[in-house]
Amino acid sequence: MTTSIQSVEIIIPLYNEAESVAAFHQQVCTAIADLSYRFLFTYVDDGSSDGTARILEQLQQQDARVRIIELSRNFGHQAALSAGLDAADADAVITMDGDGEHPPALIPQMLAQAEAGYDIVIAMRQEDQQASWVKRSTSSAFYWLINRVGDTRIIPGAADFRLITRPVLDSLRQFHEYHRFLRGMVAWMGYRSIKLPYSPARRIDGKSKFTFKKMFSLANQAIFSFSLVPLYFVISLGGIFLLLALAEGLYVLSFWVSGQQSGLAPGWSSLMFVLLIIGGTIMISLGIIGVYLGYIFQEVKRRPVYLVRRTLGRTQSSQPPLTP
Ligand code: UDP
Ligand code: MG
């Protein structure tokens, strides 16, 4: 089976990548030089404050295939990707980071897989020896957890470096959620997908923009928007405590039935112990319910996921953005 891919749009979210972006663009141009598709580039400037915008403008003047979507502030990687995906208008769309860690040399192989009939080509990072120990272990703990509590299997190492074909793009646009975890959403959608392993390259320049806070927030979105398991866990915990209370009641009753109630010493420490456990459980449970409630609160407001300050380059796609 062959698909009819003619145009390919590459979407690159950028946040303060002034040092990398020009070199990155060069790398991509070299990687795609021998391909005969009509290539388009959409750089999403996610509220950069370091001159990324200026460099992008220069790039756009030199290369008419470049479009710039400038967001009104920093909305985060997933929102920036969504902005690019909403505006995309091509037969195949590739999303990748603009720091050089996602090797552009993989693009021809991704397209070859799409030509072979796959709807989704997931570039899968192999064990990254360059990444810090903390990053590697938090990342593997994260995937272990999400694959145990979530309803959707998410492949470790599969970041947002992937190709999707037009039908998948159109489906993805039907998702209106505020809390986005794109790799989870893509895994949930199904379609014919294939993994393409790669060894990550080094960042061209600059530092990672994923602070601990951003990683934590991504993990939160993955867990809470992909499963109700934490809530069920809390309910089971409550059930276990009720059973324990019942057992304790029966135990005390047995003293009374056998006439040994005097043997019941008033146990302050055990009482405190139980109180603390129950108190803690209630607080955790309330916290979990609170997080879901907060997520629901943010969803029902139906706020936009991002705001566009301006678009430069190719005229905006005729398609209305489906993100509310
Ligand atoms: N990025 C973004 N908005 C953010 C943080 C990051 O658009 O708030 C971009 C960043 O410029 C890069 C990609 O997302 O192109 C991946 O970020 P980074 O390289 O910092 O993450 P890491 O590779 O360390 O996970
Ligand atoms: Mg990176």
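Up top is the structure these notes are about.
Colleague: Honestly, the pairing of strand β7 (residues 193–198) in this entry has me stumped. Any pointers?
Modeller: Consecutive side chains of a regular strand alternate in pointing toward one face of the sheet and then the other. The alternating pattern of β7 places Ile-194, Leu-196 and Tyr-198 on a buried face and Ser-193, Lys-195 and Pro-197 on a face that is not buried. Bridge count for strand β5 (residues 120–125) against β7 is six bridges, and the pairing is parallel. Pairing of Arg-125 across the sheet is with Tyr-198, part of β7.

Colleague: Teacher, can you tell me more about the packing of aromatic side chains here?
Modeller: The geometry of an aromatic ring pair is captured by the separation of the ring centres together with the interplanar angle, meaning the angle of the planes. A complete count under the given rule lists six aromatic pairs for this structure. With 5.7 Å between their ring centres and 90 degrees between their planes, Phe-175 and Trp-188 make a pair best called edge-to-face. Within this pair, whereas Phe-175 is found in the loop between α6 (166–172) and α7 (182–189), its partner Trp-188 is found in helix α7, the two being separated by 13 residues in sequence. Note on Trp-188: relative accessible area 57%, which makes it exposed. Summarising the aromatic geometry, the rings of Tyr-251 and Phe-255 are spaced 5.0 Å apart at their centres and angled 80 degrees between planes, so their arrangement reads as edge-to-face.

Colleague: How do you make sense of unusual backbone geometry when you look at a structure like this?
Modeller: Trans is the common state for peptide bonds, and a negative phi is the common state for residues other than glycine. Notably, Asn-16 is not glycine yet its phi reads approximately 55 degrees, a positive angle. On the secondary structure map, Asn-16 appears in the loop between β1 (7–14) and α1 (21–32).

Colleague: Quick question: what am I supposed to make of the sheet that holds β5 here?
Modeller: The pairing of strands in a sheet happens through backbone hydrogen bonds and is either parallel or antiparallel. Here eight strands make up an open sheet; going across it, the order is β7-β5-β6-β4-β1-β2-β3-β8 and the pairing mixed. The strands lining the two open edges of the sheet, one partner per strand, are β7 and β8 (308–312). Averaged over all pairs of adjacent strands, the angle between their axes in this sheet comes to 20 degrees, without regard to strand direction. Relative to strand β2 (residues 38–45), β1 runs parallel, the two sharing eight bridges.

Colleague: When you look at the site of ligand 1 in this model, what are you seeing that I'm missing?
Modeller: Near ligand 1 you find 18 residues, and of these Asp-46, Asp-99, Ser-208, Lys-209 and Lys-214 are the closest. Contacts to ligand 1 include Pro-13, whose backbone N or O atom sits 2.8 Å from an oxygen atom. Take Glu-17: an N or O atom from its side chain is 2.7 Å from an oxygen atom of ligand 1. Considering ligand 1 on its own, with 520 Å² of exposed area, one finds that the protein chains cover 92% of that surface. Among the residues forming the shell around ligand 1, the class breakdown is four nonpolar, five polar and nine charged.

Colleague: Can you walk me through the pairing of β1 in this structure?
Modeller: Within β1, eight of the eight residues are buried, which leaves the element mostly enclosed by the surrounding structure. Going residue by residue along β1, you find Ser-7, Glu-9, Ile-11 and Pro-13 tucked away on one face and Val-8, Ile-10, Ile-12 and Leu-14 tucked away on the opposite face as well. Since β1 and β2 lie parallel, the crossover through α1 that links them has a hand, and here it is right-handed. Pairing between β1 and strand β4 (residues 92–95): four bridges, direction parallel.

Colleague: I'm lost on the coordination of the magnesium ion (ligand 2) in this one. Help?
Modeller: Where a metal carries four tetrahedral donors, each ideal angle is 109.5 degrees; where it carries six octahedral donors, the ideal angles are 90 or 180 degrees. Surrounding the magnesium ion (ligand 2) are the protein donor atoms Asp-99 (OD) and Glu-101 (OE), at 1.8 to 2.0 Å. We classify Glu-101 as partly exposed; its relative accessible area is 27%.

Colleague: Is there a simple way to explain the nonpolar core in this structure?
Modeller: Counting 40 residues, the largest nonpolar core has Leu-71, Leu-85, Ile-164 and Leu-172 as its most contacted members. Within the residue set of this core, elements represented by two or more residues are β3 (66–71), α3 (77–87), β5, α5 (133–149), α6, α7, α8 (212–224) and α10 (268–300). With six residues, α3 is the largest single contributor of residues to this core. Setting aside residues up to four positions removed in sequence, Leu-172 forms contacts with Leu-85, Ile-164, Leu-182, Met-185, Val-186 and Met-189. Residues Phe-24, Tyr-43, Ala-92 and Leu-111 belong to the second largest nonpolar core, which totals 35 residues.

Colleague: For this particular structure, what's the right way to read the packing of α1 against helix α2 (residues 52–62)?
Modeller: When two helices pack together, their arrangement is captured by the angle between the axes and the distance separating the axes. At a minimum axis separation of 10 Å, α1 and α2 run at an interaxial angle of 35 degrees. On α2, the residues that touch Val-21, Ala-22 and His-25 of α1 are Ile-55, Leu-56 and Leu-59. Of the residues in the contact of α1 with α2, the class split is five nonpolar, one polar and no charged.

Colleague: Quick question: what am I supposed to make of the side chain of Ser-82 here?
Modeller: Structurally, Ser-82 is set in helix α3. Apart from residues lying up to four places away in sequence, Ser-82 is in contact with Arg-180, Leu-182 and Tyr-306.

Colleague: Where do I start with α8 in this structure?
Modeller: For the α-helix, the turn length of 3.6 residues means that residues three or four positions removed from each other point alike. Here α8 is 13 residues long and its end C-alpha atoms lie 18 Å apart, about the 18 Å a rise of 1.5 Å per residue gives. Those residues of α8 lying buried are Leu-218, Ala-219, Gln-221, Ala-222, Ile-223 and Phe-224.

So, how was this worked out
Residue positions are given per chain, counted from 1 along the sequence in the order it is written. Note on labels: chains are lettered from A, ligands numbered from 1, in written order. Residues qualify for local features only when their pLDDT is at least 70, as the model is predicted, and side-chain atom pairs are given and counted only at 80 or more; totals for whole chains, interfaces and linings, by contrast, use all residues. Each side-chain value is derived from all of the structure's non-hydrogen atoms; neither hydrogens nor water enter the calculation. Categorising residues by exposure relies on relative accessible area from a 1.4 Å probe, with only protein chains included: less than 20% of the type maximum marks a residue as buried, more than 50% marks it as exposed, and the intermediate range marks it as partly exposed. Numbering of helices and strands runs from the N terminus, with a helix taken as a DSSP run of H or I at least four residues long and a strand as a DSSP run of E at least two residues long. Should DSSP find at least two bridges between two strands, the strands are regarded as paired. Pairing of aromatic rings covers Phe, Tyr and the six-membered ring of Trp, with a centre-to-centre limit of 6.5 Å; geometry is then stacked below 30 degrees between planes, edge-to-face above 60, and tilted otherwise. Between the N-to-C directions of two axes lies an angle of 0 to 180 degrees, each axis being a line fitted to C-alpha atoms and, for a helix, fitted only over the stretch in contact. Residue proximity to a molecule or strand is established when one non-hydrogen atom of the residue lies within 4 Å of it. Contacts described as polar in this section are N or O atom pairs within 3.5 Å, which, within protein, must combine one atom able to donate a hydrogen with one able to accept it, while residues neighboring in sequence count only if both atoms come from side chains. Residue exposure ignores everything except the shown protein chains as possible cover, and the areas themselves are Shrake-Rupley values with a 1.4 Å probe. Three classes are used, and their members are as follows: Ala, Val, Leu, Ile, Met, Phe, Trp, Tyr, Cys and Pro are nonpolar, Asp, Glu, Lys and Arg are charged, and the others, Gly among them, are polar. If you view a crossover with the strands going away from you and the path from the first strand over the helix to the second runs clockwise, you call it right-handed. For Na, K and Ca the donor cut-off is 3.2 Å, while for other metals it is 2.8 Å, and in both cases only N, O and S atoms qualify; water is not among them, so sites may look incomplete. For our purposes a nonpolar core is just a set of buried Ala, Val, Leu, Ile, Met, Phe, Trp, Tyr and Cys residues, chained together by side-chain atoms within 4.5 Å. Should any heavy atoms of two residues lie within 4.5 Å, those residues are counted as being in contact. Expected span of a helix, by definition, is 1.5 Å for each gap between consecutive residues, and there is one gap fewer than residues.

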